[in-house]
Amino acid sequence: MIALSLNNLISRFIFLVALLLFVSGGFVVAQADPITVQARLVLGTSKEQKGKTEVPDTIRKRLAKVFKWMKYYELRSRRLSIGDGATKTAKLSKTSKIEVSNRKNGKIAVSLFSEGKMLVQKSQTLKSGSYMVLAGGSGTDSAWFIVLSKNK
Amino acid sequence: MNENEIQLKVQALVDGELTGPEAKEWRGRLETDAGLKELHARLTAVRGLMTGAELPRTLPESGDFHWSQISKAIEREERQAKHLARPASGANWLLRWVLPLAGVACLMLFLTLQQTTRPDLGISLGSDHELELSIDDLDVMTFNTGDDAMSVVWLDYSLDLQQDEMDLWLD
């Protein structure tokens, strides 16, 4: 009789521990880790421009595979460390800036502002090694790119 | 009976066109009338001279020319109706089926070649990404690369790339 109640007690204890581990594990997963996002303002052009820094080769290859321009110059670069649920702003030019929010499950939201007005907001899961690009034409023979990547 | 009718009757008798009683009557009148007898003799002589001397003539059309033309017209219309109602011949079958099929095959071949010659940009359009626009008349195009390693939002907007003077000073 005593052995039976001891077994029952142990079983209940194991069940409670397992339940506690499951709940705490889920809570940890639901938390957003701090992230570091690299934002680059890039000029895409078909003409070579001396004195300007070219983008890293991985970015150039990716952009050149999709877009017609062959030269990509990095005009500005900002590194943003964003805490859980926080939002950081980076000014990329005289009139434009981006706001990057760190959301749950590795998802980020990027808002592009120009002359004080929000143009677009994009939300997606940004993995390490992948890129989010906001782009547009600037003149007849060039384009601007805002390339965001997540640092490891 | 006038003179002309009498002559025609005599001529008919010479030609053997009168029936038995009538011919007998007119033969009797020839016996009694010398003028008629002389006319009969003259016509018989002329007939004798003409026998075998007439040129044979054949009519280009049969005597029932009018009816034969109607009959031919009816036959021609019937032939045309049968021709129209007749099932498609080999040539018609070719026109109805083989040529359209060949056209479709050529179109598919053309499209296939177009697809194979198109440059592979590795772009996909499906994604679970969310996009929110604040300006209604802003043209936007969004796509992902095939490996999903790069998402692009293309805006029909010219961004001012000039650096802020304060940033320039800080940099």
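None of these values were measured; they are calculated from a predicted model.

Novice: Help me understand unusual backbone geometry in this model?
Specialist: Glycine aside, the phi torsion of most residues is negative, and most peptide linkages are trans. All names here are of chain A. Positive phi, normally seen in glycine, also occurs at E115, with a value near 50°. With respect to the helices and strands, E115 occurs in the loop between β6 (107–114) and β7 (117–125). The class for E115 is exposed, based on a relative accessible area of 57%.

Novice: Help me understand the side chain of S93 of chain A in this model?
Specialist: Inspection of the secondary structure assignment puts S93 of chain A in the loop between β4 (87–91) and β5 (96–102). Within the structure, the side chain of S93 of chain A is placed 2.6 Å from the backbone oxygen of D160 of chain B, a separation counted as a polar contact.

Novice: Where do I start with the confidence of the model for chain B in this structure?
Specialist: It should be kept in mind that the predicted coordinates are not to be read in detail where pLDDT is low. Residues and elements named next belong to chain B. Per-residue confidence for chain B gives a mean pLDDT of 80; residues scoring 70 or more make up 81%. Here strand β1 (residues 123–124) stands out as the least confident element of chain B, with mean pLDDT 56; strand β4 (residues 150–155) is the most confident, with 92. Taken together, the chains of this predicted complex give a pTM of 0.53 and an interface ipTM of 0.77.

Novice: Would you mind going over the packing of aromatic side chains with me for this structure?
Specialist: Each aromatic ring pair is specified by the distance between its two centres and by the angle formed by the two planes. Within the structure shown, the criterion is met by 8 aromatic pairs over all chains. Taking 6.1 Å as the distance between ring centres and 15° as the angle between the ring planes, the aromatic pair formed by W69 of chain A and W154 of chain B counts as stacked. Taken together, the residues span two chains, with W69 of chain A in the loop between α2 (57–66) and β3 (71–82) and W154 of chain B in strand β4. A single burial state applies to W69 of chain A and to W154 of chain B, both of which are buried. On the basis of an interplanar angle of 65° and a centroid distance of 5.5 Å, the ring pair of Y72 of chain A and F145 of chain A is categorised as edge-to-face. Taken together, the residues Y72 of chain A in strand β3 and F145 of chain A in strand β9 (residues 142–151) connect sequence positions 73 residues apart. Geometry around F113 of chain A places K97 of chain A over its ring, the cationic atom sitting 5.2 Å from the centre.

Novice: Can you help me understand the interface of chain B and chain A in this one?
Specialist: Many structure descriptions define interface size as the accessible area lost when the parts assemble. On the side of chain A, 41 residues touch chain B, which itself brings 34 residues to the contact. Here chain B and chain A share an interface that buries about 3300 Å² over both sides, 56% of which is from carbon and sulfur atoms. Across the contact surface, chain B and chain A share 2 salt bridges. With a closest N to O distance of 3.1 Å, E130 of chain B and K107 of chain A form a salt bridge. For the side of chain B that touches chain A, the secondary structure elements donating two or more residues are β2 (130–133), β3 (140–145), β4 and α6 (165–170) of chain B. With 6 residues, the single largest contributor to the side of chain B that touches chain A is β4 of chain B. In the side of chain B that touches chain A, the residues fall into 16 nonpolar, 8 polar and 10 charged. Across 4 bridges, the pairing between β7 of chain A and β2 of chain B is antiparallel. Opposite S123 of chain A, over in β2 of chain B, you have E130 of chain B as the bridge partner.

What counts, and at which threshold
Each chain has its residues counted from 1, running along the sequence as written. Chain letters and ligand numbers both follow the written order, the letters beginning at A and the numbers at 1. Side-chain atom pairs in this predicted model are given and counted only at pLDDT of 80 or more, local residue features only at pLDDT of at least 70, and totals for whole chains, interfaces and linings cover all residues. Think of the side-chain values as coming from all heavy atoms in the structure, minus any hydrogens and water. In this text, helices come from DSSP runs of H or I with a minimum length of four residues, and strands from runs of E with a minimum of two, each type numbered from the N-terminal end. Note on classification: 1.4 Å probe, protein chains only; a residue is buried when its accessible area is under 20% of the maximum for its type, exposed when over 50%, partly exposed between these limits. Under the rule applied, a polar contact is a pair of N or O atoms within 3.5 Å (in protein, one hydrogen donor and one hydrogen acceptor; residues adjacent in sequence only if both atoms are side-chain atoms). What pLDDT conveys is the predictor's confidence in a given residue, as a value from 0 to 100. Side-chain rings of Phe, Tyr and Trp (the six-membered ring for Trp) are treated as a pair once their centres are within 6.5 Å; stacked means planes under 30 degrees apart, edge-to-face means over 60, and tilted covers the remaining angles. By definition here, charges over rings are those cases where NZ of Lys or CZ of Arg is within 6 Å of the ring centre and within 35 degrees of the ring normal. By the convention used here, residues are in contact when the closest approach between their heavy atoms is within 4.5 Å. Take the accessible area each of two parts loses on contact, using a 1.4 Å probe, and add the two losses: that sum is the buried area. By convention in these notes, a salt bridge is any Lys or Arg side-chain nitrogen within 4 Å of a carboxyl oxygen on Asp or Glu. Residues are grouped as follows: Ala, Val, Leu, Ile, Met, Phe, Trp, Tyr, Cys and Pro are nonpolar; Asp, Glu, Lys and Arg are charged; all remaining types, including Gly, are polar. By the convention used here, strands pair only if DSSP detects at least 2 bridges between them.

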